[in-house]
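# Understanding the architecture of this molecule
Take a look at the letters that make up each chain.
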Amino acid sequence: MPPSDSRLFGPLVSARELVAQRRLFTSVLGMEERGETVLAARDADLLLGAGAGPTSLLALQTPGAVAGAVVCRFEAPSDETVRDPAAPLDRDAFKVIDFHTPDLAAAAAQAAATGFDVTAPDGEYDMAGTGLREAHVRGADTLTVALLGGAPGALDPYVRVTDRTVSEVLGITAPVSDVDAAESFYADVFGWKVVHRYVVDGASVADLVGAGTRGRME
């Protein structure tokens with residue numbers, strides 16, 4: 001498939017069990033289940049890597065958008081994690097899945113009512129002249145979801161779904177040690193180019209990620 005035709009459907013989440021992830025993506029993020037299957041060992045090895053073994057897959061999608069998430073459970077889950085939640089500045093590992101919400105307070109309250117741990121920073125940070133506030137929903141398997149709210153319409157250009165409590169996936173935060181190498185990977189593999197660049201630099205970033213030191217996002 002040529003890069004121009006490639007499409008990233010959404011994040012692939014590795015879970016020890018599917019129940020908690022199903023509850024997060026459906027009850028909090030408004031996705032609908034599109035199918036569930038079990039890949040035989042041979043198919044899973046080809047798709048996910050040698051040694052994957054039989055793997056359960058749950059596909060979910062945000063109504064109104066060709067985007068969603070896929071949750072997988074390996075037959076023998078590992079006790080290792082890609083990143084340590086206690087180390088907020090770990091590089092080269094996905095950190096947070098971002099979603100837009102027109103009403104941050106309502107979306108955060110809904111997540112809390114569903115039984116998830118929800119934390120929200122006191123202040124806001126600036127993204128290209130737009131003040132944003134962000135609530136973090138802590139899910140199972142060290143998964144963290146960010147709900148982004150701002151001025152009415154500020155994030156509408158970046159999502160298709162704007163009339164629901166939560167949009168489709170807006171982005172995935174991935175701290176990297178080499179920005180140029182990351183950009184080259186996305187260009188070579190997916191055919192993507194940079195469409196928007198911004199810098200967030202200040203104490204609000206440190207508060208946002210719990211780093212304790214001044215940080216910078218771009």
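The residue count restarts for each chain, going from 1 along the sequence in the order it is written. Per-residue local features are limited, in this predicted model, to residues with pLDDT of at least 70; the limit for side-chain atom pairs, both in listing and counting, is 80 or more; totals at the level of whole chains, interfaces and linings are taken over all residues. Computation of side-chain values: all heavy atoms of the structure, hydrogens and water removed.

Turning our attention to the overall build of the chain. Helix and strand content of the chain: five helices and twelve strands. Looking at the chain as a whole, 34% of its 218 residues qualify as buried. Taking all contacts inside the chain whose residues are at least 6 apart in sequence as the whole, residues at least 24 apart take part in 57%. By element, 52% of the accessible surface of the chain is carried by carbon and sulfur atoms, the whole surface being about 12,200 Å². Here a helix means four or more residues in a row that DSSP labels H or I, a strand means two or more in a row labelled E, and each is numbered from the N terminus. Three exposure classes are used, based on accessible area relative to the maximum for each residue type with a 1.4 Å probe and protein chains only: buried under 20%, partly exposed in between, and exposed over 50%. Note on contacts: a residue pair qualifies if any of its non-hydrogen atoms lie within 4.5 Å across the two residues. For accessible areas, the Shrake-Rupley method is used with a probe of radius 1.4 Å. Any residue's cover is judged against the shown protein chains and nothing else.

The next point concerns the packing of aromatic side chains. Aromatic rings from Phe, Tyr and Trp, taking only the six-membered ring of Trp, are treated as a pair when their centres fall within 6.5 Å; an angle between ring planes under 30 degrees marks them as stacked, one over 60 as edge-to-face, and anything in between as tilted. All chains considered together, the criterion is met by five aromatic pairs. Seen from their ring centres, Phe185 and Phe190 are 6.2 Å apart, and the 85° between their planes marks the pair as edge-to-face. Residues Phe190 and Trp192 carry aromatic rings whose centres are separated by 4.7 Å and whose planes lie at 20° to one another, so their mutual orientation is stacked. For Trp192, a relative accessible area of 36% corresponds to the partly exposed category. Through a chain of ring-to-ring contacts, three or more aromatic side chains come together here, namely Phe185, Tyr186, Phe190 and Trp192.

The criterion for strand pairing is that DSSP finds at least two bridges linking the strands in question. With mixed pairing, four strands are arranged side by side in an open sheet as β1-β4-β3-β2. Of all strands in the sheet, those bounded by a partner on one side alone are β1 (12-14) and β2 (32-39). Taken over all neighbouring pairs, the strand axes of this sheet differ in orientation by 20° on average, direction set aside. Pairing between β2 and strand β3 (residues 55-61): seven bridges, direction antiparallel. By the bridge assignment, Val38 is partnered in β3 with Ser56. Here an angle of 0 to 180 degrees is reported between the N-to-C directions of two axes, which are lines fitted to C-alpha atoms, with helices fitted over the stretch in contact. Those strands touched by helix α1 (residues 18-28) are β1, β2, β3 and β4 (68-74), and its axis lies near 175° from that of β4.

The term salt bridge refers to a pairing of a side-chain nitrogen on Lys or Arg with a carboxyl oxygen on Asp or Glu at a separation within 4 Å. On inspection of all chains with the given rule, the structure shows three salt bridges. In this structure, Arg22 engages Glu33 in a salt bridge whose closest nitrogen and oxygen atoms are separated by 2.8 Å. Taken together, the positions of Arg22 in helix α1 and Glu33 in strand β2 put the pair eleven residues apart, joining distant regions of the chain. You can call Glu33 partly exposed: its relative accessible area is 39%. Across the salt bridge formed by Glu36 and Arg22, the nearest N and O atoms sit 2.8 Å from each other. Of the two residues, Glu36 sits in strand β2 while Arg22 sits in helix α1, which places them 14 residues apart along the sequence. For Glu36, a relative accessible area of 48% corresponds to the partly exposed category. Since its relative accessible area comes to 22%, Arg22 is described here as partly exposed.

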